[in-house]
Amino acid sequence: MSLSPRAGEPVSSFRRPSPEPPSPTVSPPTAYVKGLAVVILLLGGLLRLYMLGTRGFWGDEIWTAQASTSQLASIFQYYLSYPGPLTFLLGHAALRILGDVPLEFALRWPSTIASVLCLAVFFVLAYRYAGGAGALVGMLLLAVAPYQVWYAQEARFYAWSTLLALLGTYALVRALDEPPRNRYWLVFGLANVANLYNQPLPAVLLLLGQSVLIGIWLLLSPSRRPIIGKALVMYVLIAAAYWPVIQRVIITGRMDAFNSETFLAYQDFAFWLALADTVHITVDQFAAGGVTAWVYLTLFLGGLLAVARQRQWKLFALALAPPLAAVLLFAIARPRTGFLVRYALYAQPFYYLGIAAGIRALAGWSGATFHRVAIRHGTAPPGAAGMTRIITVGLVALLTAVSLLQVRQSYSRAKINDWRAVARYVDAHVQPGDLIVGSRWFKDALGWYLQRRDQVTMSVDDNPAVLEDLAHGRRLWYLQLGPATSDVSLALRRSLPVIAPMAWQDATLDYAADSFFPISEPRVKVRLSEGGPTA
C-alpha cells in the first residue's frame, strides 16, 4: 500500500469533506502499513537501547536507585504520595529480573520498555483517527524525537507517564466512541490511577486534557447520557483509588517545604509573558533544536487548520487538548524550577498528531499545485497523488535526519552530573581520615558509588565544625553544588581550590554547559584543600 490517501482515510488537502461519523468504523491496516510500523518500532527500540548503561547516574536517578533497592513495604510506606511508588516498583522488579547486569542498565530498562511501547500505542491511536499515512509519519517522528530517546534512557518516571497517558487516552476515546463497551472505561480508569501513582503532576494535567476531550465528544455524540454517566463514575472511582494520597497531601496538609515551593511558587511576571515563555519551552523541547522548533510549530498549526477545515474534530481535539492543558496550567502555576521540560513530555505524542496532519496537508497542497503548474506549461508531471507521496517522504526524511543528529549527540552528553565519574576520582585519591563535605543531597549522590565510605567522614556544608577541622589541617574535600547556602559553604568556596574538571570527568562524555537537553541539577565542582591532587 502506498502512503497516498485511501478510502476512509483523511485526505491531505484543505477541502471540506462531510463531517466525520460519531463512531468511526476503521478497517485494519494492510500488511504494508503493519510492516512499516514494525520497522519504525525496531528503529525506536534500537535508538533507546544504544549505550543505555554506559553513563553513570545523575542525582535524581540515584534517588530512584536507592528507592528501588528498598524492600517492597518500604517503597509503599515512603513513596506513596510523591512522586509515587510505580517507578520504584518497576526498578525493584528490573533488578530482580535482570540480575547481574550493570545497575545503570537495569534501572533504566523500565523506561526504555515504556518508551518503545509508546510508539506502538501511538500508532494504534493515530491510525484510528489519522489513517495509515498520518500514523506512520507521526510514529517515525516520535521514534527519533530527541527528548523521547533521552528520557527513555533515564531511570525516572517520565517515559511511563507518557505511556500511561497514551494508553489512557486511547481507552477513553474508544469508550467515547463505543459507550456500551465497559472494558475501555476500565482501562481508562486503571491507566489514570497508575499514572497518579507514578507521578501525580503530569497525571492531573492529563486528566484535565481528557476532560476537554470528553466535552468535545459530547458535542459530537448523538447519545450523551451514557457518556456523561460513565465518565462521572470513572472520575469518582479514580479519585477514590487515589484517596490515600489526597488525604495525606491535601486534607492533612502534608506537603513538605520542598514540594510546596517547587509546585506552588509563583514568579513575578504577567500571565501572558509566562504563557509565551511556556510555549517557547514546549515547542523547543518537542522538536530537535534550533529552527526546527518553529518548523514543527508551523506544521502543527497548519495541521490543526487542515483537520478543522475537514471537520475532523476528534483528531483536532486529540492533537490540541493534552498539549494545551499542559501549557495553560504551567503558565498559570509558573513553578520556579522549569518542570515543563520533563513533566509535559506526555503531551509530545499528541503534538505530533498535529504535526503529521500538517505534513500531509502541506504535501497534498504542494503536490496539487505542482501538478497544476506543470500541466499549464505543457509538461507531463507525475500525478498529484504521486507528488504528494514524494513531498511527504522528503519532508519526513529531512525532519528525521535532523532529529537523528540531535539523538547522536545525546549519546555523548553527560547526564548533568555523572556521579559515578566523581566517585571514581574521589575513590582513587581519598586518604583515610579525609573529610568530604557537600550539600545535604551530595551524601546520597556520592555515597551511592563511593567504595571507601568507611575510611572517610562525610558532612553537610552548613556544619561549623567543618571549618575547625580545616583550620587544624585536616584534608578536606568539598563537592560544591549550586550557590552558597550558609556561611560555612561560602568560606569553603573562598579557601579551597577547584580541581580541574578534566581530572575527574569521563573523557568519553561531553560536559559542556550549553546543551539542548535539560540541566536539572547544579553542576558539581570538586574542591580539595592544599596537598591534594591538582590534575
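Scope of this entry: the structure provided in the associated data block. (Residues numbered from 1 in each chain as written. Predicted model: local features only at pLDDT ≥ 70, side-chain atom pairs only at ≥ 80, totals over all residues. Heavy atoms only, no water.)

This part takes up the overall build of the protein. Scanning the protein from terminus to terminus reveals 23 helices and 4 strands. Counting over 535 residues, the protein shows a buried share of 53%. Put simply, 79% of the contacts in the protein that link residues at least 6 apart link residues at least 24 apart. Total accessible area computed for the protein in this model is approximately 23100 Å², and 66% of it derives from carbon and sulfur atoms. (Helix = DSSP H or I, 4+ residues; strand = E, 2+ residues; numbered from the N terminus. Buried < 20%, exposed > 50% of the residue type's maximum accessible area, 1.4 Å probe, protein only. Contact = heavy atoms within 4.5 Å. Areas by Shrake-Rupley, 256 points an atom, 1.4 Å probe, with all protein chains shown as cover.)

What follows is about the pattern of salt bridges. Across all of its chains, the model carries 10 salt bridges by this definition. For the salt bridge of Arg108 with Glu61, the shortest nitrogen-to-oxygen distance reads 2.9 Å. On the criterion of sequence distance, the pair formed by Arg108 in helix α5 (residues 103–143) and Glu61 in helix α2 (residues 59–68) is long-range, its members being 47 residues apart. Residue Glu178 is joined to Arg128 by a salt bridge in which the shortest nitrogen-to-oxygen separation is 3.6 Å. With Glu178 in the loop between α7 (158–177) and α8 (182–196) and Arg128 in helix α5, this residue pair connects regions lying 50 residues apart in the sequence. Grouping residues by exposure puts Glu178 and Arg128 together as buried. Salt bridges here are not isolated pairs; linked through shared partners, they connect Arg128, Arg174, Asp177, Glu178 and Lys314. (Salt bridge = Lys/Arg side-chain N within 4 Å of Asp/Glu carboxyl O.)

Residue Met51 is not a glycine yet carries a positive backbone phi of 55°. With respect to the helices and strands, Met51 occurs in the loop between α1 (31–49) and α2. Positive phi, normally seen in glycine, also occurs at Arg311, with a value near 60°. Structurally, the position occupied by Arg311 is in the loop between α14 (292–309) and α15 (313–333).

Turning next to the pairing of strand β2 (residues 457–460). Pairing of strand β1 (residues 435–438) with β2 involves 4 bridges; the strand directions are parallel. Paired with Leu435 across the strands is Thr457, a residue of β2. As for the winding sense of the linkage, the β-α-β connection from β1 through helix α20 (residues 442–449) to β2 is right-handed. (Pairing = 2+ DSSP bridges. Right-handed = clockwise from strand over helix to strand, strands pointing away.)

This part takes up the nonpolar core. Judged by nonpolar contacts, the single largest core of 95 residues is most densely connected at Tyr351 and Ile355. Among the elements that make up this core, the one with the highest residue count is α5 (19 residues). What Ile355 contacts, discounting residues up to four positions off in sequence, is Leu141, Tyr296, Leu299 and Phe300. Counting 33 residues, the second largest nonpolar core, distinct from the first, contains Ala414, Ile436, Met458 and Leu479. (Core = buried A, V, L, I, M, F, W, Y, C linked by side-chain atoms within 4.5 Å.)

The subject of this paragraph is a nonpolar patch on the surface. Among the surface-exposed residues, Val204, Leu208, Leu324, Leu328 and Leu329 lie close enough to one another that they form a single nonpolar patch of about 360 Å² accessible area. When residues of the nonpolar patch are traced back to their parent elements, those giving at least two are α9 (200–220) and α15. Here the element with the most residues in the nonpolar patch is α15; it accounts for 3 residues. (Patch = residues over 30% accessible without salt bridge, like charges linked within 9 Å, V, L, I, M, F, W, Y side chains within 5 Å.)

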